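Inside the fold
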Amino acid sequence: MEWFQKWDKVLDDSDAPFYKWFVGGKTNIVHNAIDRHLKTHRKNKLALIWVGEPGDSRTFSYFALNREVSKFANVLKSMGVKKGDIVTIYLPRLPEQMIAMLACAKIGAAHSVVYGGFSVEALAERIEDAQSRVLVTADGGWLRGKIIALKDIADEAMARQPTVETCIVVKRTGQDIYMEAGRDYWYEDLMSLPIAGPICETEPTDAEDMLFILYTSGTTGRPKGVIHTHGGYMVFTYTTLKYVFDVKDEDRWWCAADPGWITGHSYIVYAPLINGVTSFMYEGAPTHPYPNRWWQMIENHGITILYTAPTAIRGLMRFGDSWPNRHNLGSLRLLGTVGEPINPEAWKWYYTVIGQERCPIMDTWWQTETGGFMITPLPITPLKPGSATRPFFGIDVDVVDDESQPVPTGEEGYLVVKTPWPGMLRAVYKDPDRYREQYWDKFKTMYQTGDSARKDEDGYVWVIGRMDDVIKVSGYRLGTAEVESALVSHPDVSEAAAIGLPHELKGNAIHAYVILRAGVEGDENLAETLRDHVGHEMGPIAKPETITVVDTLPKTRSGKIMRRLLKARALGLPEGDVSTLEE
Ligand code: WTA
């Protein structure tokens with residue numbers, strides 16, 4: 001990696017827990033993701049192979065990616081976007097998603113990517129928190145042969161959130177959409193104007209300048225904007241991908257996540273480009289039009305490393321071995337998984353049927369907040385299915401009890417990180433108190449992950465799951481609070497509680513309990529109406545599996561809903577300590 005100016009200090013912990021890394025250093029992550037390669041043999045190497053769900057495809061060499069990013073950076077500049085601004089990006093899995101992110105970073109502005117599967121209120125509150133003046137979206141995206149009409153959702157969100165002055169719309173699906181004069185512009189039109197010149201200097205940034213915020217669910221309230229910066233995040237994502245997946249020049253790397261989540265930020269966009277590999281990206285559903293879609297693309301494009309989530313593996317596994325067996329998967333040399341603990345059946349299928357017992361599985365444990373892999377094997381590490389094995393270089397994790405003391409081997413406790421690392425979040429956007437409370441109040445000098453885990457006699461870490469009100473649904477991170485606030489925003493609902501319960505395919509599924517407003521009679525369609533309402537406000541992934549109408553919810557005397565109790569009752573487990581339950 002190249003720096004415009006070397007740092008004076010690697011770690012500044014004088015204002016802990018607000019740690020700073022590579023203080024005094026000047027760089028720009030885009031310089032290392034693109035510019036640096038243009039001086040080498042990689043200039044004409046493919047940076048991105050993209051395949052659309054309908055079967056169309058586009059490729060970009062590093063040279064071409066640089067041209068597109070530079071052009072769009074100039075477009076953003078012409079709209080007054082500058083350092084300190086946050087551009088909201090709400091796109092399907094398209095090359096433009098990557099281009100828009102890199103264009104922001106190139107001019108020193110920050111991006112806030114909102115997952116294309118989120119809906120009106122989720123988008124509106126993120127735009128509001130970031131005070132974005134520019135929104136980048138698309139007319140729609142393809143999923144399971146249908147159009148997801150993103151611009152319609154964006155229009156509704158913009159009506160709730162008037163901060164957006166300019167909305168840039170990528171044409172993808174081509175149906176008629178509403179375009180507001182003076183606010184909405186087609187991406188393609190802007191990119192053909194003289195303002196979109198192909199040359200744009202990369203803005204030098206301080207190591208600690210904000211690269212992006214990414215909203216993620218926490219214990220209470222609204223999603224929080226996790227901040228990552230140019231220097232530390234660049235070093236950490238580059239290093240983790242390089243060593244954990246041993247990436248080489250000839251690799252074709254496929255991270256099957258969405259750039260709208262941290263996995264995509266780090267391992268579709270930044271780390272693969274900084275490492276100079278060829279990334280593969282696919283727009284649509286794994287089973288469209290048939291359950292062999294992924295395996296066919298691996299064969300067609302000679303994918304060498306596949307990195308995905310247990311839920312996707314389980315989803316494909318249920319169609320049987322004959323779909324993958326029909327394809328030559330011999331190009332694969334490594335596999336990876338992330339997002340939730342992987343169950344032994346899924347691990348075994350992934351290892352034997354997909355990897356043909358040739359490809360070690362890198363089970364990577366990490367979080368939006370950590371920026372990159374924290375607990376993970378390397379290709380040479382002896383594996384134990386279901387364990388992310390041991391910490392990455394320089395990462396110091398432990399499993400502790402309420403008094404911050406390490407728990408005995410084999411016992412469950414809180415998973416913590418004992419020392420800072422370069423890829424760590426720097427703060428919660430506009431909310432330093434929340435940063436302290438959420439991550440540092442409980443264990444003071446140790447970072448609280450929110451997960452529970454145990455360590456075995458070999459020091460291998462077995463992550464069990466979230467201990468807080470975060471639910472991982474199909475690997476997606478959601479908060480009970482967001483689902484509940486979507487429910488109570490419906491006029492028929494006065495109170496709501498959401499919990500996660502185990503689900504065969506999704507890992508966890510959301511189940512909700514609602515108290516209706518006085519006078520409202522729930523009919524048999526009510527649950528469906530409320531589910532649709534949550535889908536419309538938050539997104540389809542947040543739709544509860546079941547909605548039960550109740551008269552009361554178990555609460556503590558201070559009025560907090562005891563979700564733990566709801567969960568225990570739903571699972572028929574002991575109710576535990578109920579001394580704080582109100583009469
Ligand atoms: C869970 C995703 C077990 C964990 C990168 C964590 C995992 C949360 C694993 C973060 C894994 C992630 N094994 N659990 N390999 N990877 N998790 O922020 O509960 O979307 O706290 O980041 O996912 O989710 P996030």
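Description of the structure in this document. Each chain carries its own residue numbering, running from 1 in the written order of its sequence. Selection of residues for local features in this predicted model requires a pLDDT of at least 70, selection of side-chain atom pairs for listing and counting requires 80 or more, and totals for whole chains, interfaces and linings are taken over all residues. Side-chain figures throughout are based on the complete set of non-hydrogen atoms in the structure, without hydrogens or water.

Quick look at the overall build of the protein
Which entries qualify depends on this criterion: For helices the rule is a DSSP run of H or I covering at least 4 residues; for strands it is a run of E covering at least 2, with both sets numbered from the N terminus onward. Here the globule rule reads 2.2 Å times residues to the power 0.38, and the radius of gyration is calculated from C-alpha atoms. Exposure is judged per residue with a 1.4 Å probe applied to protein chains only, and the accessible area is read against the type maximum: over 50% gives exposed, under 20% gives buried, and values in between give partly exposed. Any pair of residues with heavy atoms lying within 4.5 Å of one another is described as a contacting pair. Using a 1.4 Å probe, accessible areas were evaluated by the Shrake-Rupley method; residue-level cover was limited to the displayed protein chains. Charge convention: Lys and Arg are scored as positive, Asp and Glu as negative, and His as well as the terminal groups of each chain are ignored. Charge positions are represented by NZ for Lys, CZ for Arg, CG for Asp and CD for Glu.
Tallying secondary structure elements over the protein gives 16 helices and 29 strands in all. Relative to the compact-globule value of 25 Å for 583 residues, the protein shows a C-alpha radius of gyration of 23 Å, a close match. Once the C-alpha set of the protein is aligned to its principal axes, its extents read approximately 70 × 60 × 60 Å. The proportion of buried residues among the 583 residues of the protein is 60%. The long-range fraction of contacts in the protein, counting pairs at least 24 apart against all pairs at least 6 apart in sequence, stands at 69%. On the protein, roughly 22,500 Å² of surface is accessible, and the fraction owed to carbon and sulfur atoms is 51%. Counting 63 positive and 77 negative side-chain charges, the protein places the averaged centre of each group 5 Å from the other.

Observations concerning the sheet that holds strand β7 (residues 110–113)
This is how the line gets drawn: We treat two strands as partners when DSSP finds at least two bridges between them. Simply put, an axis is a line fit to the C-alpha atoms, just over the touching stretch for a helix, and the angle between two N-to-C directions goes from 0 to 180 degrees.
The 7 strands lie next to each other as β12-β11-β8-β6-β7-β14-β15, forming an open sheet whose pairing is mixed. Here the strands that pair on one side only, and so sit at the sheet edges, are β12 (184–186) and β15 (224–229). Looking at each pair of strands side by side, their axes are set apart by 25° on average, direction ignored. Here helix α4 (residues 120–130) sits on the sheet and contacts β6 (86–89), β8 (134–138) and β14 (210–216); the angle it forms with β14, its principal contact strand, is near 145°. Strands β7, β14 and β15 of the sheet are contacted by helix α8 (residues 262–274), whose axis makes an angle of about 145° with β14.

Focus on the nonpolar core
As a reminder, the rule being used: Only buried residues count toward a nonpolar core. Its members are Ala, Val, Leu, Ile, Met, Phe, Trp, Tyr and Cys residues joined through side-chain atoms within 4.5 Å.
If you look at the biggest cluster of nonpolar residues, it comprises 113 residues, and the most contacted ones within it are L65, F72, L102, I168, F245 and Y270. Discounting residues that sit within four places of it in the chain, I168 has contacts with F72, V75, L76, M79, V134, L135, V136, T137, Y185, Y187 and L190. In this structure, L150, A157, M158 and W261 belong to the second largest nonpolar core, which totals 41 residues.

As for the sheet that holds strand β23 (residues 447–455)
Strand order in this open sheet of 4 strands is β21-β22-β23-β24, and the pairing throughout is antiparallel. Where the open sheet ends on each side, the last strands, each with one partner, are β21 (397–400) and β24 (461–466). The average angle at which neighbouring strand axes cross in this sheet is 45°, direction not considered. Where β21 lies against strand β22 (residues 413–417), 4 bridges are found, and the strand directions are antiparallel. In the sheet register, V399 faces β22, and the bridge partner there is L415.

Focus: the side chain of K71
Operational definition: Salt bridges are identified by distance alone: a Lys or Arg side-chain nitrogen within 4 Å of an Asp or Glu carboxyl oxygen.
Looking at where K71 falls in the secondary structure, it is placed in helix α2 (residues 62–78). In this structure K71 is buried but unpaired, with E68 as the nearest side chain of opposite charge at 5.9 Å. Sequence-distant contacts of K71, that is, excluding residues within four places in its chain, are made with M191, A196, G197 and P198.

Details of the packing of aromatic side chains
Note the following rule: Note on ring pairs: Phe, Tyr and Trp rings are taken, using the six-membered ring of Trp, and paired if centres are within 6.5 Å. Classes follow the plane angle, with under 30 degrees stacked, over 60 edge-to-face and the rest tilted. Only Lys NZ and Arg CZ are tested; either one counts as a charge over a ring when it is within 6 Å of the ring centre and within 35 degrees of the ring normal.
Counting across every chain of the model gives 38 aromatic pairs. Look at Y115 and W261: their rings are 5.2 Å apart centre to centre, the planes differ by 55°, and that puts the pair in the tilted class. Separated by 146 residues along the polypeptide, Y115 in the loop between β7 and α4 and W261 in the loop between β16 (252–255) and α8 bring together distant segments of the chain. Under the relative-accessibility criterion, Y115 is labelled buried at 11%. Residues W261 and Y476 carry aromatic rings whose centres are separated by 5.0 Å and whose planes lie at 35° to one another, so their mutual orientation is tilted. A residue pair is termed long-range when its members are at least 10 positions apart, and W261 in the loop between β16 and α8 and Y476 in strand β26 (residues 476–479) qualify at 215 residues. Of the residues examined, Y476 reaches a relative accessible area of 21% and is grouped as partly exposed. The ring centre of W50 lies 5.9 Å from the NZ or CZ of R58, which sits over that ring. Taking NZ or CZ as reference, K171 lies 4.4 Å from the ring centre of W186, over its face.

A word on the pairing of β8
Of all the 5 residues making up β8, 5 are buried; the element is thus mostly covered by neighbouring parts of the structure. Both faces of β8 are covered, namely the face carrying V134, V136 and A138 and the face carrying L135 and T137. Pairing analysis gives 2 bridges linking β6 to β8, with the strands arranged parallel. Bridging across to β8, I89 finds its partner in V136. Direction of pairing for β8 relative to strand β11 (residues 166–170): parallel, over a ladder of 5 bridges. Looking at β11, one finds that T137 is bridged to V169.

Some thoughts on the site of the ligand
Operational definition: In these notes, residues near a molecule or strand are those with any non-hydrogen atom within 4 Å of it. The definition of a polar contact used here is a pair of N or O atoms within 3.5 Å, where within protein one atom must be able to donate a hydrogen and the other to accept one, and adjacent residues in sequence count solely through side-chain atom pairs. Under the convention adopted here, Pro, Cys and the residues Ala, Val, Leu, Ile, Met, Phe, Trp and Tyr are nonpolar, Asp, Glu, Lys and Arg are charged, and Gly plus all remaining residues are polar.
Around the ligand, the structure places 17 residues, and the nearest of them are D363, T364, T368, K472 and R477. Within the backbone of E340, one N or O atom sits 3.5 Å away from a nitrogen atom of the ligand. Only α8 and β24 provide two or more residues apiece to the shell around the ligand. Looking at the shell around the ligand residue by residue, the class counts come to 6 nonpolar, 5 polar and 6 charged.

Here we look at the pairing of strand β19 (residues 334–337)
The line we're drawing: Think of it like this: strands point away, you trace from the first strand over the helix to the second, and a clockwise trace means the crossover is right-handed.
The alternating pattern of β19 places L334 and G336 on one face and L335 and T337 on the opposite face, and all of these are buried. Inspection of the sheet shows strand β18 (residues 305–308) paired to β19 by 4 bridges, in the parallel sense. Residue L306 lies in a different strand from β19, and its bridge partner there is L335. Where β19 and strand β20 (residues 361–363) come together, 3 bridges link them in parallel fashion. Across the sheet, T337 pairs through a bridge with D363, a residue of β20. At this point the chain moves from β19, through helix α12 (residues 344–354), to the parallel β20, and the crossover so formed is right-handed.

Focus on the pattern of salt bridges
All told, the structure shown has 43 salt bridges when counted by the stated rule. Two residues, R160 and E156, come together in a salt bridge whose shortest N-O distance is 3.8 Å. With R160 and E156 both in helix α5 (residues 150–160) and 4 residues apart, this pair spans about one turn of that helix. Look at E156 and you get partly exposed, because its relative accessible area is 34%. The residue K418 makes a salt bridge to D398 at a minimum N-O spacing of 3.5 Å. Taken as a pair, K418 in the loop between β22 and α13 (432–439) and D398 in strand β21 lie far apart in primary sequence, 20 residues in all.

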